[in-house]
Amino acid sequence: MQTISKSASKLAAALVCGALLSANAMAQKAPAAVVVNGTAVPQSLADAFIAEQKAQGAPEGPELRAAVREELVRREILSQEAKKKGFDKKADVAAQMGLASQAVLIRAFIQDYLAKHPVTDAQLKKDYEEIKPKPGGKEYKARHILVDNETEAKVILDKLKKGEKFEDLAKQSKDPGSKDNGGDLGWANPSNYVKPFADTVVRLEKGKLTDAPVKSDFGWHIIQLEDTRPLNPPPFDQVKGQLQQRAQQQIVENMVKDLRAKAKVE
């Protein structure tokens with residue numbers, strides 16, 4: 001099944017690690033999904049694999065269960081061969097298995113923590129109002145050429161004033177994200193720029209160049225403002241998922257900081 005093959009590589013480390021570390025113990029306590037060369041693969045492992053597949057959009061049904069069973073058989077065969085060759089005794093392999101096992105454990109803990117500390121709609125709406133641009137705000141469409149020193153910037157600016165094309169001279173820019181696109185930075189809120197750049201952009205008239213190069217922490221900029229437009233923020237429902245993800249990341253970060261502060265590290 002295509003879904004199985006595509007996602008298998010993503011799950012391999014965690015699932016194979018789980019199989020290697022605990023298959024024998026679990027086989028004695030839990031029903032087996034399949035037995036391979038006398039070794040039981042626990043049903044709980046199959047259930048976890050099926051849950052992962054369903055989370056990625058695979059439909060529940062006999063086809064999914066059969067595909068998971070076959071994948072687990074193939075993995076168990078490879079796992080047994082790896083053990084015969086002594087790979088489970090190699091220090092670097094054992095370390096990787098330990099990291100994979102730790103990652104699964106951490107993920108389970110964080111998921112449980114977030115479930116017990118949910119982000120409310122009220123909090124998300126508060127966050128939305130704080131980041132939402134104020135009425136009357138604008139977006140700016142600008143181009144720039146970024147170079148290392150003022151002398152070089154002045155030479156380029158002089159060429160522009162004499163009629164050379166911005167798009168051609170932009171190829172000299174050290175900004176890899178815009179140099180091959182004529183220096184185009186697209187539409188952006190001034191808050192996305194460093195302060196000297198932002199202060200210059202909002203003062204420029206459409207179609208105009210900066211009178212002199214602008215210095216920032218990145219170097220020297222020659223800036224041209226192409227256009228402006230009213231800044232219309234996306235509706236709350238459109239960005240709610242992003243806000244929730246950001247809020248959850250902050251919850252986890254605060255929890256980790258608290259645990260770190262209490263930890264005894266020698």
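Criteria and thresholds
- All residue numbers here refer to positions counted from 1 along the written sequence of the relevant chain.
- In view of the model being predicted, local features appear only for residues whose pLDDT reaches at least 70, and side-chain atom pairs are presented and counted only at 80 or more, with totals across whole chains, interfaces and linings using the full set of residues.
- Side-chain measures were taken over the full set of non-hydrogen atoms in the model, leaving aside hydrogen atoms and water.
- Counted as salt bridges are all cases of a side-chain nitrogen of Lys or Arg within 4 Å of a carboxyl oxygen of Asp or Glu.
- We count a stretch as a helix when DSSP gives it H or I for four or more residues in a row; a strand needs E for two or more, and each element gets its number in order from the N terminus.
- For every residue, the accessible area (1.4 Å probe, protein chains only) is compared with the maximum for its type, and the residue is labelled buried under 20%, exposed over 50%, or partly exposed between those bounds.
- Between rings of Phe, Tyr and Trp, where Trp is taken as its six-membered ring, a pair exists when centres lie within 6.5 Å; planes separated by under 30 degrees are stacked, by over 60 edge-to-face, and by other angles tilted.
- Two conditions define a charge sitting above a ring: the NZ of Lys or the CZ of Arg must be within 6 Å of the ring centre, and it must be within 35 degrees of the ring normal.

(A) Structural detail: the pattern of salt bridges. Throughout the structure, instances matching the rule amount to 21 salt bridges. Residue Glu 71 is joined to Arg 75 by a salt bridge in which the shortest nitrogen-to-oxygen separation is 3.2 Å. Of this pair, Glu 71 and Arg 75 are both found in helix H3 (residues 62–84), 4 residues apart, which corresponds to roughly one turn of the helix. When its relative accessible area of 11% is taken as the criterion, Arg 75 is described as buried. Asp 148 is the salt-bridge partner of Lys 174, the closest N and O atoms lying 2.6 Å from each other. Of the two residues, Lys 174 is situated in the loop between helix H7 (166–169) and strand S4 (184–188) and Asp 148 in the loop between strand S3 (138–147) and helix H6 (150–161); the sequence distance between them amounts to 26 residues. Looking at Lys 174, the relative accessible area reads 38%, which means it is partly exposed.

(B) Structural view of the packing of aromatic side chains. With the rule as written, the count across this model stands at 3 aromatic pairs. When the centroid spacing of 6.2 Å and the interplanar angle of 45° are considered together, the rings of Phe 109 and Tyr 113 count as tilted. Linking Phe 109 with Tyr 113, this pair stays in helix H4 (residues 91–116), spanning 4 residues, or about one helical turn. For Phe 109, a relative accessible area of 41% puts it in the partly exposed group. For Tyr 113, a relative accessible area of 21% translates into the label partly exposed. Relative to Phe 236, the ring of Tyr 128 has its centre 5.6 Å away and its plane inclined at 75°; by these criteria the two rings are edge-to-face. You can see Tyr 128 sitting in helix H5 (residues 121–131) and its partner Phe 236 sitting in helix H9 (residues 236–262), a full 108 residues away along the chain. Like Tyr 128, the residue Phe 236 is buried in the burial classification. Between Arg 229 and the ring centre of Trp 187, over which it is positioned, the NZ or CZ distance is 4.1 Å.

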